[in-house]
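# Secondary and tertiary structure notes
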Amino acid sequence: IAILLQDKYGRTEAKALISKPDLNNVVNKTFIWVLQKVDGVVSVIANTPNGRVNLERLISTASDDEKVKHINYDRLDNTRKNLKKTIIIKDTTKA
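For the structure given in this document, a descriptive report is provided here. (Residues numbered from 1 in each chain as written. Predicted model: local features only at pLDDT ≥ 70, side-chain atom pairs only at ≥ 80, totals over all residues. Heavy atoms only, no water.)

Turning next to the environment of Leu-23. With respect to the helices and strands, the residue Leu-23 is situated in helix α1 (residues 23-26). Residue class for Leu-23 comes out partly exposed when judged on its relative accessible area of 30%. The sequence separation of Leu-23 and Ile-59 amounts to 36 residues, and the corresponding C-alpha distance is 9.8 Å. (Helix = DSSP H or I, 4+ residues; strand = E, 2+ residues; numbered from the N terminus. Buried < 20%, exposed > 50% of the residue type's maximum accessible area, 1.4 Å probe, protein only.)

Okay, structure coming up:
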């Protein structure tokens, strides 16, 4: 399933893929999904009153100590089979 990503004028800018079971959680009145580019890195985000929500983190239910990796390196492919959570290991040897 593809969701439409809007620019600041409400025009469709791109599409992101999600799995069917995530449709109701992702497409609702809470989220307007946009394409964000920072230093050449693409992300799919929604700005909410409670802060920014990353699509891959919402779908994968990643905790703060987990990173979400796109297996096929396509950050617009947020299907469940393409997302993998990994634990972030903090280096405690540095002061």
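Further remarks concern the pattern of salt bridges. If charged atoms from side chains of opposite charge come close, those side chains can pair. Tallied over the entire structure, the rule returns 3 salt bridges. Note that Arg-80 and Asp-22 form a salt bridge whose closest N and O atoms lie 2.9 Å from each other. Of this pair, Arg-80 sits in the loop between β7 (77-78) and β8 (83-87) while Asp-22 sits in the loop between β2 (12-18) and α1; the two residues are 58 residues apart in sequence, bridging distant segments of the chain. Exposure remark for Arg-80: the relative accessible area of 46% places this residue in the partly exposed category. Owing to a relative accessible area of 4%, Asp-22 belongs among the buried residues under this scheme. Two residues, Arg-75 and Glu-56, come together in a salt bridge whose shortest N-O distance is 3.7 Å. Of this pair, Arg-75 sits in the loop between β6 (66-70) and β7 while Glu-56 sits in helix α2 (residues 55-60); the two residues are 19 residues apart in sequence, bridging distant segments of the chain. A relative accessible area of 5% places Glu-56 in the buried class. (Salt bridge = Lys/Arg side-chain N within 4 Å of Asp/Glu carboxyl O.)

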